[in-house]
Each structure stands twice: as C-alpha cells, then as structure tokens.
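Listed here are the chains, written in short residue letters.
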Amino acid sequence: MFPKYDVIVVGAGHAGCEAAHAAAKMGSKVLLCTMNMNTIAQMSCNPAMGGVAKGQIIREIDALGGMSGIISDKSMIQFRMLNRSKGPAMWSPRSQNDRMKFAEEWRLALEQTPNVDFWQEMITGILVKAGKIKGVRTSIGIEIESESVVLTNGTFLNGLIHIGEKQFGGGRTGESAARGITEQLVSLGFESGRMKTGTPPRVDGRSLDYSKMEVQYGDENPEKFSYSDETSPIKEQRTCWITYTNKEVHSTLEEGFDRSPMFNGRIQGLGPRYCPSIEDKINRFAERERHQIFVEPEGWNTVEIYVNGFSTSLPEDVQYKALRKIAGFENAKMFRPGYAIEYDYFPPTQLKLTLETQLIENLYFAGQINGTTGYEEAASQGLIAGINASLKVQEKDAFHLKRSDAYIGVLIDDLINKGTEEPYRMFTSRAEFRLLLRQDNADLRLTQLGFDINLASQERLDKMLNKKNETARLINYLKQKKLSPDQINEGLEQIGTAEIKEKVSAEKLLKRPHIGLKEIMVLDPEFAAFLSKFPQEVREQSEVQIKYDSYIEKEQQMVEKLSNMENYKIPLKFDYLNISALSNEGKQKLNKIKPETLGQASRISGVSPADLSILTVYLGR
C-alpha cells in the first residue's frame, strides 16, 4: 500500500511542517502523518509569531531556507519591531497573524512541495530493529516503513486537559490525545516526564468596549520576516489593544483557587516560568495591583479575540466572572474557556546535537517533546531535525549550528547539555554572542550554510551576496566621505551634539550616540542623494556594523578563542567511567550526554573546570 519513505514526520504542527518541508526540499521522500489534515500548522495558542529572541529565530529559519518567515508574512495582520529604543542586539520582529490564514498558507506550501505525501491517522508506535528505526505503526495496525522518523508530537502525548475540577484526555481542545508512543519509548529505555502549558479564553470582539483600552498600533513602516522577494510588507494593519486586571479581578479569581487544578495538586507537570497563568501571577506577585492584558484579533475576517495574559485553568464560571471585571470586558461574551494541558516530554539530554536520539539510530525528536515552549522554538528544531534526517539518509555529513552561529544553535546546545525541567523559552540573555546574532544579519550568517545543504535557493544566495557587497560598498564610502565644520556644525548644534573643529568622516560621526544615517542625510543633501540609491536593509546593516564595530570585534575574538575547544572532537565511544580522576558527577553527566567536542563538554552542567582539564589530558592535548 505504501512505498518505503526516506523520512516519516509524525505531527503536523510548527516543528512537523518545517521538518517535512526541509527534508523534502533536500530531495528526501517524505510522509507527513497527522491526526487531522484540517489542523495542519494550527496556532494552538496565541495568533502571533516572533517577539524577543523568537523573532531572531524566525529570521534564522528563513535564512536557512525554511518557511516560517514566509508563512508569517503571508498571514500577517500587524507588525512591530520590539525594543527599538535599545541596542540592535535586542531588536526583535513580531507579527500578529490571521490564525486561519496561517494554517491555510502552510498547508498550501506543503501540498505544493514535491516529495511530500500525507497520511491522516494517529501513530501509536515506531518500528525498531537492532537499535535502528524502521518505520511507524498506525492506530489501525498499518506499518509504514522508512529510513528515519521525526517525532513532533507537541502536547498530544497522553495529553490531559484541565478546566477547574474537570479533566479529560486531549492534545488540544476538541482533539484526541495520542496514546502508545510514550509507553513504547519508555520500554525501549527512554526517560520521560510531564510538563504543563495553558491557554486563555477566547471572546467575542463585538462585546468589548475598546474605548476603555489603550490602542496598540503596528509600526508606521512595517517590515517583514523573510529576506526573500516572495513576500512584501503589509500595506494595512489591524489594531490591537491593551487593558489591565484590577483588585476586583484578582479577588474574583482567588475565589476559585480551591477548585484550581494548579493549586490542589491535580496538575503534576511544571508550567512555563515566563508565561504563567493569571492565577499563578496573582499568587506569586500578590503585591501587584494589576497585570497587563493584550487584546489581540484572531484574523482579518473574524470577531474572535485572543485574551493574551489571561491564561488560566480555573473553572469556567470563575473565568467568565473575572473577565467581566476587566476594563472594556464588562459585557464580554466568551467563545470558549481557557484551559491547562499536561503532556509527556522526553528530557533532551537523550539527544545528539543533530536531534537524533542516542538510543535509536535515525529517530529524531523536535518541538515540545523536547521540553520547549513556543512556535518558534518548535519550528527551528523541526527544521534541524528534518535537515539531519535527510542528510543521514543521503549518507552526508550531519548539520548543526554552534552557539556563535545562531540562536537556534544556542537553543539546541542548551537543551542537549543542560536539559530542562520546565518548558524552555528562548531569550536574548541566553546568547553570549547576541551582538553577532542580530535579526538584521541572519541571512549574512546562515544563507550560505542553507545553500550548501540544498535548502536555500540560488536566488536566496545571490540576494544575500548582493546585500553583503552593497553593505561593504556603503561602509567604504562612509569611511571616505568627509564632512566639514561649515557644512554641519549648525545641524550638530540642533541635534545637541558637539561641533567639529576639522573635517571628519561620516563613519566617525556615525559612532556618536545620537547620530544615525538619517541625521547625516539631513546635514548633507549630496550625501542623502547618494544614500537613497541603497535599500533600507543595506543602510541599516552598514550603520549597525559601524556603530558597534569595536563590540562586534570583541565578540568575534571571543568566538575565535573558544573555537579550538569546539573543533576538538571526542571519540563517540570514549570511556569516561574508567577515568578515576574525573568527579563522579562529571563521569555520570559526560557518559549520559556523550559530548561530541571538548567545547560541548565544557557547557555540561556538573562538569567542573577540573574535570575538563583531566579530560583534555586524557584526550592527548
């Protein structure tokens, strides 16, 4: 009935879609298995992509040749660049999206990708022979063979939904949980755990009074995620709003705490630290009189509103009563209540940097099965797992990104070496080289790598190289361009910065805190005419590289210092347990994680500097 596939992807959420697309685009024959073809790429929680550090991840996925940036652009209803008031390492693109359009665009993209087949049914097990994956088994007993399998099960593995004292099985509201896979993996020797996440109620936008809320507009000149020419910035944007909880809201919520599954012990899994439920917020931060609520439209042509900041698993009557005490929500009509969901995950220390499992060859995990939270984190793991599953089948070298290459590299390195006991979320603070890993240069960092593995197209590579060359040309011009005191001193005085006493280069002026290319263009019309020939992305890139040149150079020097350790390989079957000088914890952690390099070993929690020195000696340094 079925041919033998190169790659089978189980689950069609953000991780599964990226995995299937990447593997197929690289030439592998792919089967994407989902319990429901109508929920491919469903935005299970908020209808938005990107945000702090997450926006950088979407741009990295796009630069490598993935689809999340393009799909986000095509379904965008609002765009904002967050943290513009801070340095460029903190700038983070975020879009509000049309939930239905997002899923539709992903499905269309996959259906138009050669080499992708679909199968709608629950996968209840994997086929394994002699420690190697052989395929999957479906709920009606069909066995489908493949060279590799990527599991991207999201919150569906033994999913349990909680609303107050009610609990029922489900992977998402209205959808069944997935059974069988956890039990089989545990029997094969995998360690599993439980995690929890949640979602807020959805309400009827026609029942809200927006005059009592703060308006949150999109950027005046919106950008987009994708570096490609396939998408364009949106011309029109939908408005979002901000309102706040109050003491009365908090008191009403507290009335239901005795029926809260989070407080009465029915929920065992740990929830996301950085996206807590509303009951968790008012319990942990009792001194705060209010919490921010973001009122977000679900799309262009729907009245449904996502109440961001009000995630809860309290009884539906308590949710409804408390909602109506928020400013603007006095007459709110609820479409469906919020809920919490518990699900199985597998500690990611059981994986290699390629996201292949250590126990079973050619079996890959990506997304929430690894203990992460967020669409962007899941999509990036799906991309890397799909890439590596395809490369392994083609008997090519594995692909992985270092911490100095990308936020995706930081994410995977953290998961593999440190593990996680609570849903992992990416932040800029997790990246020690964040000035190198900006959202504006993801294409310069990664497109060549994507092209080399046949994922990013020739057009993408040409576009990146043109941007690189044009940036170098503009920087060279700025170094040569001299501005005299009589030309610009009056303008400098108006800006509030010191006058110049002799001719200076535009490059030197740009290093001043309050001066950018925009200001120099006003000071010198001739300069403005020349600069207008360059696209905005080239101007922005040039300005950032000049302004932060010394800081960027320091980070690059740090990367070079650490590269020796990253390049020093550790044999796969190296015997840590027989090195008596290693600490007991060091032995255990090194033996469990099996680091591929000395650099990776240095980042494992529990491996001391002394352990590292001993290991270096034994490796023959």
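This text follows the structure it describes.
Quick summary incoming for the structure in this document. Remember, predicted model here, so these are calculated numbers, not experimental data. (Residues numbered from 1 in each chain as written. Predicted model: local features only at pLDDT ≥ 70, side-chain atom pairs only at ≥ 80, totals over all residues. Heavy atoms only, no water.)

### Comments concerning the overall build of the protein chain
Using the following cut-off: Going along the chain from the N terminus, every DSSP run of H or I of four or more residues is numbered as a helix, and every run of E of two or more is numbered as a strand. A radius of gyration in this sense is built from C-alpha atoms; the matching globule rule multiplies 2.2 Å by the number of residues raised to 0.38. Working definition: with a 1.4 Å probe on protein chains only, accessible area under 20% of the residue-type maximum means buried, over 50% means exposed, and in between means partly exposed. Whether two residues are in contact is decided by their heavy atoms, any of which lying within 4.5 Å being enough. The method behind every accessible area is Shrake-Rupley, applied with a 1.4 Å probe, and residues are considered shielded solely by the protein chains displayed. When charges are counted, neither His nor the chain ends are considered; positive counts come from Lys and Arg and negative counts from Asp and Glu. By convention, the point assigned to a charge is CZ for Arg, NZ for Lys, CD for Glu and CG for Asp.
In terms of regular secondary structure, the protein chain is built from 21 helices and 22 strands. Against the globule reference of 25 Å for 621 residues, the protein chain gives a C-alpha radius of gyration of 26 Å, in line with a compact fold. Taking the principal axes of its C-alpha atoms as reference, the protein chain extends roughly 80 × 70 × 50 Å. Here the protein chain holds 621 residues, and 57% of them are scored as buried. Long-range pairs, those at least 24 residues apart, make up 72% of the contacts in the protein chain between residues at least 6 apart in sequence. Of the roughly 26,100 Å² of accessible surface on the protein chain, 48% is carried by carbon and sulfur atoms. Across the protein chain, the centroid of the 79 positively charged side chains sits 2 Å from that of the 82 negatively charged ones.

### Here's the deal with the pairing of strand β5 (residues 92-97)
Filter applied, for reference: Strand pairing requires that DSSP identify at least two bridges connecting the strands.
Burial analysis of β5 places six of its six residues in the buried class, the great majority of the element. The side-chain alternation of β5 yields two buried faces, one formed by S92, R94 and Q96 and the other by P93, S95 and N97. Of the strand pairs in this sheet, strand β3 (residues 48-50) and β5 are connected by three bridges, and their pairing is antiparallel. Bridging across to β5, G50 finds its partner in R94. Bridge analysis of strand β4 (residues 76-82) against β5 gives six bridges, and the strand direction is antiparallel.

### Digging into empty space enclosed by the protein
Stated formally: A 1.4 Å probe that fits into a set of points on a 1 Å grid over the protein atoms alone but cannot get out defines a cavity; an open set with protein on both sides within 12 Å along at least five of seven lines defines a pocket, and lining residues are those with an atom within 4 Å of a point. Grid points are joined across faces, edges and corners, and a volume is the space filled by probe spheres set on the points.
In this structure the tally under the stated criterion is one cavity of 30 Å³ or more. By volume, the largest cavity amounts to about 40 Å³. Taken together, A63, Y227, D443, T447, R460, K463 and M464 make up the full set of residues lining the largest cavity. Looking at the lining of the largest cavity, the elements with two or more residues in it are α11 (442-452) and α12 (458-480).

### Concerning the nonpolar core
Going by this rule: For our purposes a nonpolar core is just a set of buried Ala, Val, Leu, Ile, Met, Phe, Trp, Tyr and Cys residues, chained together by side-chain atoms within 4.5 Å.
Among the nonpolar cores identified, the biggest contains 117 residues, and L151 and L363 are the most heavily contacted of them. Of the residues forming this core, the biggest block, nine residues, is contributed by helix α9 (residues 375-393). If we skip the residues at most four places from it in the chain, L363 touches I126, I133, V149, L151, L185, F190, L355, E356 and T357. Listed in part, the 22 residues of the second largest apolar core include Y477, L483, F527 and F530.

### Section: the side chain of E105
Looking at where E105 falls in the secondary structure, it is placed in helix α4 (residues 99-111). Its relative accessible area of 13% is what places E105 among the buried residues. Dropping the residues within four chain positions of it, E105 is found in contact with I71 and K74.

### Concerning the packing of α11 against α12
Worth spelling out the cut-off: Working convention: axes come from line fits to C-alpha atoms, limited for helices to the stretch in contact. Angles between N-to-C directions cover 0 to 180 degrees. If an angle is under 35 degrees, it is roughly parallel; if it is over 145, roughly antiparallel; if it lies from 65 to 115, roughly perpendicular; otherwise it is oblique. Left-handed is the label given to a crossing in which the near helix is rotated counterclockwise from the far helix by less than a right angle, and right-handed is the label when the rotation is clockwise.
One way to put it is that α11 packs onto α12 with a least axis distance of 9 Å and a crossing angle of 150°. As far as their axial angle goes, α12 and α11 are roughly antiparallel. The two elements α11 and α12 cross, and the hand of that crossing is left-handed. Residues D443, L444, T447, Q448 and F451 of α11 pack against Q458, R460, L461, M464, K467 and K468 of α12.

### Quick look at the packing of aromatic side chains
Defined as follows: What counts as a ring pair is set by centres within 6.5 Å for rings of Phe, Tyr and Trp (its six-membered ring), and what kind of pair is set by the plane angle: stacked under 30 degrees, edge-to-face over 60, tilted for all other angles. Distance and angle both matter: a charge sits over a ring if NZ of Lys or CZ of Arg is within 6 Å of the ring centre and within 35 degrees of the ring normal.
Within the structure shown, the criterion is met by 11 aromatic pairs. A network of ring pairs unites the aromatic residues Y477, F527, F530 and F534 as a single cluster. Above the face of the Y424 ring, R430 is positioned so that its terminal group lies 4.2 Å from the ring centre.

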